[in-house]
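Chain by chain, the residues:
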Amino acid sequence: MNKKKIRTAFGIAAALGLGFLLYHQTLPSEYVPAEDEIALQIQFDIEEDIGLLVYDYCADGRAYSGGTSNADGSLIRHDSNIIVGLEKEALNNPADPAVLSMQFRIITEYVTPNYENVYPEDITKYVEPISWEAHFGESYLITITGDKTNGYQAVLNE
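From a predicted model like this one, the values you see are computed outputs, not experimental measurements. (Residues numbered from 1 in each chain as written. Predicted model: local features only at pLDDT ≥ 70, side-chain atom pairs only at ≥ 80, totals over all residues. Heavy atoms only, no water.)

## Examining the side chain of Gln41
Turning to its location among the elements, Gln41 is positioned in strand E1 (residues 37-46). On the basis of relative accessible area, Gln41 is assigned to the buried category, the value being 13%. Those residues in contact with Gln41 that lie beyond four places of it in its chain are Glu30, Tyr31, Asn81, Ile82, Ile83, Ser139, Tyr140, Leu141 and Ile142. (Helix = DSSP H or I, 4+ residues; strand = E, 2+ residues; numbered from the N terminus. Buried < 20%, exposed > 50% of the residue type's maximum accessible area, 1.4 Å probe, protein only. Contact = heavy atoms within 4.5 Å.)

Here it is as structure tokens:
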């Protein structure tokens, strides 16, 4: 009877291990956008953690604003990878490709996010805008580097 319990426990452990491996192999290694979405993968390579990331952007001449923060009020890690999806319908169905320009604002301390995206100037660092033709169904990698003292830069990695 002891051998039977050991074989059953071993079988359950093997099945769980196999299930775990299959689960991780079926997950995509990177975010895949929908056909009607432009995906932005924003990779931080900055010196310190930050409070919020705000992005002001324009798609085919129409202005929008958005942002991200941690819901628990903690700082966004200096090496974070943030995915932002821009859906065609939310952009008022622009042409494909859409002319997209973005300006990021780094809010260096955590403050409660607001719908107007207005934050104190003394903790707001502006990043030079970037522009490109963005295709729906595509993903674009943007790397943000720098620090609070010397400023931040955004680069579209093509």
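## A word on the environment of Glu89
Within the secondary structure, Glu89 sits in the loop between strand E4 (81-87) and strand E5 (98-107). In this structure Glu89 comes out as exposed when scored by relative accessible area, which is 64%. Between the C-alpha atom of Glu89 and that of Asp36, which follows or precedes it by 53 residues, the distance is 7.9 Å.

## Quick word on the sheet that holds E4
Within the open sheet, the four strands sit side by side as E4-E1-E8-E9. Their pairing is mixed. Of all strands in the sheet, those bounded by a partner on one side alone are E4 and strand E9 (151-157). Pairs of neighbouring strands in the sheet enclose a mean axial angle of 25 degrees, with direction left out of account. Bridge analysis of strand E8 (residues 139-147) against E9 gives seven bridges, and the strand direction is antiparallel. The residue bridging Ile142 from the neighbouring strand is Leu156, located in E9. (Pairing = 2+ DSSP bridges. Axes fitted to C-alpha atoms, helices over the stretch in contact; angles between N-to-C directions.)

## Thoughts on the packing of aromatic side chains
Taken as a whole and assessed by the stated rule, the structure comprises three aromatic pairs. Seen in terms of ring centroids, Tyr55 and Tyr57 are 6.1 Å apart; in terms of plane orientation they differ by 40 degrees. Their pairing is tilted. Using a relative accessible area of 12% as the deciding quantity, one classes Tyr57 as buried. Summarising the aromatic geometry, the rings of Tyr57 and Tyr64 are spaced 5.4 Å apart at their centres and angled 20 degrees between planes, so their arrangement reads as stacked. Assessed through its relative accessible area of 17%, Tyr64 is described here as buried. Ring pairs connect the aromatic residues Tyr55, Tyr57 and Tyr64, which therefore count as one cluster. The side chain of Lys88 reaches across the aromatic face of Phe136, ending 5.1 Å from its centre. (Phe/Tyr/Trp six-rings, centres within 6.5 Å; stacked < 30°, edge-to-face > 60°. Lys NZ or Arg CZ within 6 Å of the ring centre and 35° of its normal.)

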